[in-house]
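Examination of the molecular architecture
Residue-level listing of the chains:
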Amino acid sequence: MAVVRYLCLLTLALAPSFSYAANLYASTYDGTVNLLTFDEKSHALSLTQSLKACGSMPSWLTWDSANRKLYCTDEDFYSSTASISSLSAASDMRLSVDAKATTPSGGVANTLYGGSDGKSYIAIAHYQSSKVSTFALPLKSSSKPLQELTFAMSAPGPNSARQDASHPHEVLTDPTGSFLLAPDLGADLIRIWSISRNTGALTSCPSLKVTPGTGPRHAAFWSPTPRRAKNGAAAPTNLKLFVANELSNIISSFSVTYPSSGCLSFKKMQELSPFPSNAPAPSGTKVGEIHVKGNYLYTTNRADGTFSGNDSVATWKLSSKGVMRFAGLTEAGGTYPRTFAINAAGTFVAVGDQTTANVAIFARDPGTGELGEKVASLRVGDIGHAESEDGLSSVIWAK
Ligand SMILES: *[C@@H]1O[C@H](CO)[C@@H](O)[C@H](O)[C@H]1NC(C)=O
């Protein structure tokens, strides 16, 4: 008896400890950065920490798992300046603020780039002030921008209300870590710079001009051999850029090549509506984020109301050459899905519904790319108002 018992204990002690606990970070426009815990088995989703941080309008989160840092951009556009915050995660993922530096106003997105690790600098897109700014890391509260690039337009774009000025909406790097791109919703451009890896300096490349009036908001790269953006990686063959256009509600795709002249070259492939039968989006819809996982592409529709007043997520299948085929709409679990993120295993998608201020988690089949039932949903912060800068702003998985 004692021997059996001893053996049982030994087995337990030697069994690999497996945890179903996953972590997410979410920001809200009422000034909080939050740690959520999700049990992948029971599907329990709970708020573990809520921190007043990241200025008055936290808008976008980037997680650096190697250095256990979270970067949060502040969109404040009521003041002449806003901020970027760096937070450290303890071993239990709880956050504490390291530094908060002053930036131009209206920061809506950020990305890490440059250095030997691709994480030595941070670039920020500033929608309201028509700028891209860059900072060296580690961030200090006294940090000043390395570069502050301001974009002017000689005349408004076709959508004069939204295209009154340049409005950079995101910053992202190419898969080799050699170029920075910024979709500019106001100017109908994807702005491009080559990156000096050592100094973090950005040098202008010719922009990709998109169809006038489309209003590019977010973009994502894809290549047939999935890979993470890696500094100094060889240029992938058959590289595609997918763009989510907020004003025309069109998803567009481009073939990307690396000419020897040193910048990027693009060829337009497709322009499709994220609705069945390529039908135009319902009036009032605004396409949101875009992400790639394997040979599947996902985009969100804000304010389309397809699911009894709640909004939708579009799934696209990609051929071996990156040709998009619309595969269907599934529910977003709330309204204004501003943000969403797929976990590393590809088994769950967290959708951040801005106006209903909730994170909804959906099951995902990693084999077929299909999104399944809603397994959890949690309100985070105050409910927002349609078409306002309030509610939930950003959600990401953190590991
Ligand atoms: C719409 O989303 C809200 C917020 O998450 C939820 O409470 C409600 O049940 C959803 N409605 C439908 C029809 O799914």
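That block above? That's the structure.
Residues numbered from 1 in each chain as written. Predicted model: local features only at pLDDT ≥ 70, side-chain atom pairs only at ≥ 80, totals over all residues. Heavy atoms only, no water.

Let's talk about the nonpolar core
- Grouped together as the largest cluster of nonpolar side chains are 19 residues, with contacts concentrated most on Tyr-113, Val-132, Val-171, Leu-180, Trp-193 and Leu-202.
- Counting only elements with at least two residues in this core, the list comes to β8 (107-113), β9 (121-126), β13 (179-184) and β14 (189-195).
- Filtering out sequence-adjacent residues up to four positions away, Tyr-113 remains in contact with Gly-118, Lys-119, Ser-120, Tyr-121, Ile-122, Ala-123, Thr-134, Thr-173, Ile-195, Gly-200 and Leu-202. (Core = buried A, V, L, I, M, F, W, Y, C linked by side-chain atoms within 4.5 Å. Buried < 20%, exposed > 50% of the residue type's maximum accessible area, 1.4 Å probe, protein only. Helix = DSSP H or I, 4+ residues; strand = E, 2+ residues; numbered from the N terminus. Contact = heavy atoms within 4.5 Å.)

Let's talk about the layout of surface pockets
- In this structure, the second largest pocket occupies an estimated 300 Å³ of space.
- A class-by-class count of the residues in the lining of the second largest pocket yields four nonpolar, four polar and nine charged. (1 Å grid on protein atoms, 1.4 Å probe; cavity = no way out; pocket = protein on both sides within 12 Å on 5 of 7 lines; lining within 4 Å. Points joined across faces, edges and corners; volume = space filled by probe spheres on them. Nonpolar A, V, L, I, M, F, W, Y, C, P; charged D, E, K, R; others polar.)

Thoughts on the pairing of strand β23 (residues 324-331)
- Bridge count between strand β22 (residues 312-318) and β23: seven bridges; the pairing is antiparallel. Bridging from a neighbouring strand, Leu-318 pairs with Met-324 of β23.
- Count of turn residues in the β22/β23 antiparallel hairpin: five residues, of which Gly-322 carries a positive phi of about 85 degrees. (Pairing = 2+ DSSP bridges.)

What to know about the environment of Ser-19
- By secondary structure assignment, the location of Ser-19 is in the loop between α1 (2-14) and β1 (21-28).
- With relative accessibility at 51%, the residue Ser-19 sits in the exposed group.
- Ser-19 sits 22 residues away from Lys-41 along the chain, and the two C-alpha atoms are 9.4 Å apart.
- Among the polar contacts listed, one links the side chain of Ser-19 to the backbone nitrogen of Ala-21, at a separation of 3.0 Å. (Polar contact = N/O pair within 3.5 Å; in protein donor to acceptor, adjacent residues only side chain to side chain.)

Focus: the side chain of His-167
- Mapped onto the fold, His-167 is located in the loop between β11 (147-150) and β12 (172-173).
- His-167 sits in the buried class, given a relative accessible area of 4%.
- Polar contacts involving the side chain of His-167 include one to the main-chain carbonyl oxygen of Tyr-127, which spans 2.7 Å.
- If we skip the residues at most four places from it in the chain, His-167 touches Tyr-127, Gln-128, Arg-162, Pro-183, Asp-184, Leu-185 and Gly-186.

Here we look at the sheet that holds strand β17 (residues 239-245)
- Pairing is antiparallel across the open sheet formed by four strands, whose spatial order is β16-β17-β18-β19. Single-partner strands in this sheet number two, and they are β16 (216-222) and β19 (265-272). The average angle at which neighbouring strand axes cross in this sheet is 25 degrees, direction not considered.
- Sheet topology places β16 next to β17; six bridges connect them, and they run antiparallel. Bridge pairing in β17 places Trp-222 opposite Lys-240. (Axes fitted to C-alpha atoms, helices over the stretch in contact; angles between N-to-C directions.)

Remarks on the packing of aromatic side chains
- Inspection of every chain in the model, using the stated rule, returns nine aromatic pairs.
- Consider the rings of Phe-151 and Trp-193, whose centres lie 5.9 Å apart with planes at 40 degrees: the pair is tilted. With Phe-151 in the loop between β11 and β12 and Trp-193 in strand β14, this pair connects stretches of sequence that are 42 residues apart. One exposure class covers both Phe-151 and Trp-193, and it is buried.
- Taken together, the aromatic side chains of Phe-38, Phe-348 and Trp-397 make up a single cluster linked through ring pairs. (Phe/Tyr/Trp six-rings, centres within 6.5 Å; stacked < 30°, edge-to-face > 60°.)

Some words on the site of the ligand
- Taken together, the neighbourhood of the ligand is formed by Ser-308, Asn-310, Glu-331, Gly-333, Gly-334 and Asn-358.
- Here Asn-310 contributes a side-chain N or O atom positioned 2.4 Å from an oxygen atom of the ligand.
- Between Gly-333 and the ligand, the recorded distance is 2.7 Å, taken from a backbone N or O atom to an oxygen atom.
- Within the complex, the protein chains bury 52% of what would otherwise be the 360 Å² of accessible surface of the ligand.
- Here the residues of the shell around the ligand are counted per class, giving no nonpolar, five polar and one charged. (Near = heavy atom within 4 Å. Areas by Shrake-Rupley, 256 points an atom, 1.4 Å probe, with all protein chains shown as cover.)

Some points on the sheet that holds strand β28 (residues 392-398)
- Read across the sheet, four strands follow the order β3-β2-β1-β28 without closing on themselves; strand pairing throughout is antiparallel. Sheet topology places β3 (45-52) and β28 at the edges, where each strand pairs with a single neighbour. This sheet shows a mean twist of 20 degrees between the axes of neighbouring strands, independent of strand direction.
- Pairing of β1 with β28 involves six bridges; the strand directions are antiparallel. Note on β28: the bridge partner recorded for Tyr-25 is Ile-396.

Describing unusual backbone geometry
- Residue Pro-138 follows Leu-137 across a cis peptide bond; omega there is 0 degrees.
- You can see Pro-138 is positioned in the loop between β10 (131-136) and β11.
- Unlike most non-glycine residues, Asn-278 shows phi in positive territory, near 60 degrees.
- Relative to the helices and strands, Asn-278 resides in the loop between β19 and β20 (286-293).
- Phi angles above zero are rare outside glycine, and Ser-308 is one such case at about 50 degrees.
- Locating Ser-308 in the fold gives a position in the loop between β21 (296-302) and β22.

Just geometry here; none of it tells us what the structure is for.
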